[in-house]
Structure formats: C-alpha cells, structure tokens
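# Working through the structure, step by step
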Amino acid sequence: MIIVKRFALIILAALLPVVAFGAEAKKADPRTMTFPPLVFEVPKTERVVLKNGMVVHMLPDRELPLVSLTAYVNVGSIYEPADKTGLAGLTGAVMRSGGTRELPPQALDAELEFMASAVESSIGADSGGVSLTCLKRNLPRTLELFAQVMMAPAFSEDRVALAKKRTIEALRRQNDDSKEIADREFQKAVYPNHPLGRVPTVETVTAITRDDMVAFHREYFHPNNVILAVAGDFDKKEMIALLEKTFAGWKREEIAYPSVPEPAREVKPVVLLARKAVPQSAIRMGHPGIDKNNPDLYAIRVMDYILGGGFTSRLMTEIRSNEGLAYNVHASFDIGRRFIGTFEAETETKSETTAKAISLMRNIIAGMTKEPVTDAELTLAKDSIINSFIFGFARTDAVVAQRARIEFYGYPERYLENYRANIAKVTKDDVLRVARKYLKPDRMVIVVAGDDKTFDKPLSTFGTVELIKLENGTEKGAK
C-alpha cells in the first residue's frame, strides 16, 4: 500500500550512492560507505466526533477504489451472565446473520453479495466489532446496511436457532483436538472463578433466548460506546457528511456495566491432565501476567523475544533445533488490555518425550531469572522488534485500526510514537530484573492433553496431578 511505497522511496534515496556511474563508482568501497539514517514517522489519522458522540478515525487512500470501516464497541463476554455463557458470542454472530428490521436475512445476504460488499459482526471477551468492506461506488448503500446491523438487528428466530445448534455441535466436538483442550483448560486454570475463565456449555447455550440477545445488544450498542475506523478511497468532508446522515437517528445512552472483579494475580500451581489417546501431547504452562499500563512492558517484550519469540529464541533453539522434540515452541506474555493477561509457554511433542519437554521448558524459563542475557541476544531482540514495527502500518486500514484501538483500550498518549525508543532503552539489567519479577517457574499451572500411559515419566514428577474429566460440552471443570 501507499505507506510501504513511501518507505521504499526512503530506502531507495539512501541507496542512491551505490548506483553512481563512471569513475566514482569504481572508487566506492562498501566497507566505508555511509548513509543517512532511515526515518519512519508513525502515520496519523484525522479524528472527529459525530454529533451523536461516535468517535471516528479516518485515513484516505486513493490507490484502489475500496473503502473499509470497522466499529469497535465496548462490549464483551466478560459482561454476560454466568448461567448464559456464550451469549455475547452468539449475539455478535446473529447481529449480522439474523437480518435487520428492514431486511430479512436472505435479502441482506443477497444484496451484499450482489454488490460484492461484506458486512461482518462479532463479540469477543472484551470488545465487539462490526466491519464493512466495499467498492467505493457501493459505499452509500453498504453503509446503510452496516448501520442497520449496528443499530437495528432483527435476530431472526430461525437464525438464532441455527446459531445455537451450530454452537452446541461445536461444543460436542470440542474435545476432538488436544490443542484446543489444552488451550481451554489453561485459560480456565489461570482465570479461576472469573469471566475470562468461563467457557460455554450445552446447558448455558441452550438457556440463551432471542430476547437475551436483543437485550444484550440494546444494553451496549450506542454511538457513544463506539470508535469507528475508516480507510480507503474517500473525501474526508464527504465521509463525515455521509456518516452524520447515516447515523443521525442513533441516540447516545448511558450504559450500566456490570461489576467485573479483578482476576487473581497468583494461582495455585497444579498439573492438569486431560487424558486423550493420541500420539502427541499438547503442553501449556504459565501463570497470570501483566496489563498494558505496566511500566515494565517494554523490557518484558524484549525478554519475550529472547525466551520464546522466534526461531532464535532459547526455547526454539534448545527444544526444536538441539533436541528435536517439537516443530514449534513459544512463550510470551499476552499483555492484558482491560485486565491482567497471562504468561504462557506452549508446545506439542510426541507422547514419549512429554516429561522431557516439560522439564526443558521449565528449566529454560527458570534460566532467564538466573543471569543476564548475552549482548548478542539483547541486540538481536531489540533490532528485530524495532525493525518489524513498520509492518504494523503496511496498509492504510491497519494504520486506522491501530489508532482506533489505541484510543479504544486507553493506551497512553503517544504510545506508538514512543514504542521504538522505549524498546531501544531496554538493557540487560532490565531484562534480568523483569524476568526475576514476573516469571514464576515454580508456580506455574501445567496443562497436558495426551496419553499418559505412554509418557516417558509420570506427570507427578512436576507436582500434584488433577484429572480433567472430558465431557462433550457439559464439563463442570477439573475433577
């Protein structure tokens, strides 16, 4: 896209001395040539607030006759009742699939398909989204349909029933994949008795009604609860006028959010086994982590890269390259945006090397807390993070999304502008300090999904083992 092209021109300008012709070119010595430093300024968006309170971030891009919009809505499964876990996800899906008050589902599908437009909706743990992509010439009508999905979804009874059936069928098959089992049980163990650790069951999904979805949508979908990101081929003044006209009837409302407790910052170290007769074990281990406002975030990012962030990481080098125990192994802090996130290390290995892989992973994690990283590790990690930063802005829609999400989640002002400098300031002492402060190798939850009859050592080697009883969509937790 246009941003990448501009950066390419900067690189080309820096390399111009290399392509000199004649006698000067023959005298050039690449070992002594110097170039001006490359400069990349984080692109900015234009921010406006519509009359109804909706915040809009805009960035035109005339390269292709396309327009994209994404609405970020402050809603999520953390606000759904425990006895109706799954309500947020179903509401997000049926907002789009269930038609609108003006168009039944089939008519909405047909019109969008005819225009080669797309409108999608979803709700996750701490945010909801409605997106639009279309040709420029079809923007006015596609935006109308987008607004209908946002403001007036019909939640057609037949589409509600279909969505529930699909969800229940997925729950009945949720134990087919050992990796999905390990991911799910790790989340439950790290967030015990918290909305972030809840998962839907057949019972909770069955209890959800159309009226529940209508009420959930009505509670949270208001213009003052939305940040809109707009990118593509448009004129700013015309876009603002179009948005004002389209959403003119949508009134702001006060929103009463349920109280959501802070997750526990420490959890009981335990070994959880989900027995599954498969030749490969799925391993997950970790503990609660940090949130986005933690001042040590940048040092933790550098530590992540060295520990388990790429092909040169300590985990990958030892477990994949040196020992050949796994194709992939990874570890990092998933930085929480509204609540604390998690630290998680994960891999899959053949059953006969399960205990060996767990031991190595735990030892490598513990090793980060014992002595400083090397100069080479620090330099590679910082350079890799800083140099890859630009790729987060490769497309105009990605730029607008970045800016909208920064405001949506309340990140510090100039977070993006200062990110590279904050990474560059990290020292070896910083990495050792945060490793000792935030890594807890002796207090981790360890989850294994696999066939313990074929393990190289019993899991009791690593602590008290609790068996997870797998039931298709009806499990009540570890037993």
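Residues numbered from 1 in each chain as written. Predicted model: local features only at pLDDT ≥ 70, side-chain atom pairs only at ≥ 80, totals over all residues. Heavy atoms only, no water.

## A look at the packing of helix α3 (residues 87-97) against helix α9 (residues 210-220)
At a minimum axis separation of 9 Å, α3 and α9 run at an interaxial angle of 85°. Relative to α9, the element α3 is oriented roughly perpendicular. Residues Leu-87, Ala-88, Leu-90, Thr-91, Val-94 and Met-95 of α3 pack against Asp-212, Met-213, Phe-216 and His-217 of α9. Per-class residue counts for the contact of α3 with α9 are seven nonpolar, two polar and one charged. (Axes fitted to C-alpha atoms, helices over the stretch in contact; angles between N-to-C directions. Helix = DSSP H or I, 4+ residues; strand = E, 2+ residues; numbered from the N terminus. Parallel < 35°, antiparallel > 145°, perpendicular 65-115°, else oblique. Contact = heavy atoms within 4.5 Å. Nonpolar A, V, L, I, M, F, W, Y, C, P; charged D, E, K, R; others polar.)

## A word on the pattern of salt bridges
On inspection of all chains with the given rule, the structure shows 32 salt bridges. Between Lys-268 and Glu-466 there is a salt bridge, and its shortest N-O distance comes to 3.2 Å. Taken together, the residues span a long stretch of sequence, with Lys-268 in the loop between α10 (236-246) and β7 (270-275) and Glu-466 in strand β12 (residues 465-467) at a distance of 198 residues. Among the salt bridges present, the one from Arg-314 reaches Glu-377, with a minimum N-O distance of 2.9 Å. In this pair, Arg-314 is assigned in helix α12 (residues 314-322) and Glu-377 in helix α14 (residues 375-388), connecting sequence segments 63 residues apart. Accessibility expressed as a relative area gives 23% for Glu-377, which makes it partly exposed. A single network of salt bridges, built from pairs that share partners, joins Asp-183, Arg-284, Glu-344, Glu-346 and Glu-348. (Salt bridge = Lys/Arg side-chain N within 4 Å of Asp/Glu carboxyl O. Buried < 20%, exposed > 50% of the residue type's maximum accessible area, 1.4 Å probe, protein only.)

## A short note on the environment of Ala-282
When you line up the elements, Ala-282 lands in strand β8 (residues 280-288). Through-space distance from the C-alpha of Ala-282 to that of Asp-183 is 8.8 Å; in sequence the pair is 99 residues apart.

## As for the sheet that holds strand β3 (residues 66-73)
Hydrogen bonds between backbone groups are what pair the strands of a sheet, and the pairing can be parallel or antiparallel. As summarised here, the arrangement of the six strands in space is β1-β2-β6-β3-β5-β4, forming an open sheet in which the pairing is mixed. Of all strands in the sheet, those bounded by a partner on one side alone are β1 (46-49) and β4 (118-123). Recorded for the sheet is a direction-independent mean angle of 15° between the axes of neighbouring strands. For β3 and strand β6 (residues 226-232), the ladder comprises seven bridges, and the chain directions are antiparallel. Bridge pairing links Val-73 to Val-226 in β6. Across the sheet, α10 touches β1, β2 (55-60), β3 and β6, and the angle it forms with β2 is around 150°. (Pairing = 2+ DSSP bridges.)

## So, the confidence of the model for the chain
In this model, the chain carries an average pLDDT of 92, and 92% of its residues clear a pLDDT of 70 or more. Counting interchain partners and residues more than four positions distant, the pLDDT-below-50 stretch residues 9-23 has eleven contacts. The model gives residues 475-479 a pLDDT under 50, and that stretch makes 18 contacts with residues more than four places away or in other chains. (pLDDT = per-residue confidence, 0-100.)

## Section: the side chain of Asp-304
With respect to the helices and strands, Asp-304 occurs in helix α11 (residues 297-308). Given the relative accessible area of 4%, Asp-304 is considered buried. Among the polar contacts made by the side chain of Asp-304, one reaches the main-chain amide nitrogen of Phe-333 at a distance of 3.2 Å. Ignoring anything within four residues of it in the chain, the contact list for Asp-304 reads Gly-309, Ala-331, Ser-332 and Phe-333. (Polar contact = N/O pair within 3.5 Å; in protein donor to acceptor, adjacent residues only side chain to side chain.)

## Side note on the packing of aromatic side chains
For the structure on display, the rule yields 16 aromatic pairs. Measuring from centroid to centroid gives 5.6 Å for Phe-389 and Tyr-419, while their planes differ by 15°, and the two rings are stacked. Placement of the pair is Phe-389 in the loop between α14 and α15 (396-408) and Tyr-419 in helix α16 (residues 415-424), with a sequence separation of 30 residues. Judged by its relative accessible area of 12%, Tyr-419 is buried. Summarising the aromatic geometry, the rings of Tyr-411 and Tyr-415 are spaced 4.8 Å apart at their centres and angled 50° between planes, so their arrangement reads as tilted. Each member of the aromatic cluster is reached from another via a ring pair, and the members are Phe-40, Tyr-298, Phe-389, Phe-393, Tyr-411, Tyr-415 and Tyr-419. (Phe/Tyr/Trp six-rings, centres within 6.5 Å; stacked < 30°, edge-to-face > 60°.)

## A short note on unusual backbone geometry
If you check the backbone angles, Asn-193 has positive phi at about 55° while not being a glycine. Here Asn-193 lies in the loop between α7 (178-190) and α8 (202-207). Residue class for Asn-193 comes out exposed when judged on its relative accessible area of 82%. The backbone phi angle of Arg-414 is positive, close to 60°, even though this residue is not glycine.

## Focus: the environment of Lys-236
The residue Lys-236 is located in helix α10 in this model. The class for Lys-236 is partly exposed, based on a relative accessible area of 32%. Along the backbone, Lys-236 and Pro-60 are 176 residues apart, and their C-alpha atoms lie at a distance of 7.4 Å. Excluding its chain neighbours within four sequence positions, the residues that come into contact with Lys-236 are Glu-46, Met-58 and Pro-60. In this structure the side chain of Lys-236 is engaged in a polar contact, spanning 2.9 Å, whose partner is the side chain of Glu-46.

## Comments concerning helix α6 (residues 157-172)
Residue pairs spaced three or four apart in an α-helix point in one direction, given the helix's 3.6 residues per turn. With 16 residues, α6 extends 23 Å from end C-alpha to end C-alpha; this agrees with the ideal 22 Å at 1.5 Å per step. Taken together, the buried positions of α6 are Arg-159, Val-160, Ala-163, Lys-164, Ile-168 and Leu-171. For α6, the elements touching its buried residues are α3, α4 (105-114), α8 and α9. (Expected span 1.5 Å × (residues − 1).)

## Observations concerning the pairing of β1
With four bridges joining them, β1 and β2 adopt antiparallel strand pairing. Along β2, the bridge assignment pairs Glu-46 with Met-58. Counting the residues that bridge the hairpin from β1 to β2 gives five residues, and of these Gly-53 lies at a positive phi of roughly 100°.

## Here we look at the environment of Lys-428
Within the secondary structure layout, Lys-428 lies in helix α17 (residues 428-438). Judged by relative accessible area, which is 27%, Lys-428 ranks as partly exposed. The spacing of Lys-428 and Thr-374 is 54 residues in sequence and 7.6 Å in space, taken between C-alpha atoms. With residues up to four places along the chain from it excluded, the contact list for Lys-428 reads Pro-372, Val-373, Thr-374, Asp-375 and Leu-378.

## A few points about the packing of α15 against α16
Two measures define how a pair of helices packs: the angle their axes make with one another and the distance between the axes. Where α15 contacts α16, the axes come no closer than 11 Å and their chain directions differ by 95°. Here α16 runs roughly perpendicular to α15, going by the angle between their axes. The segment α15 lies against α16, with Gln-402, Arg-403 and Ile-406 engaging Tyr-415, Leu-416 and Glu-417. Within the contact of α15 with α16, the residues separate by chemical class into three nonpolar, one polar and two charged.

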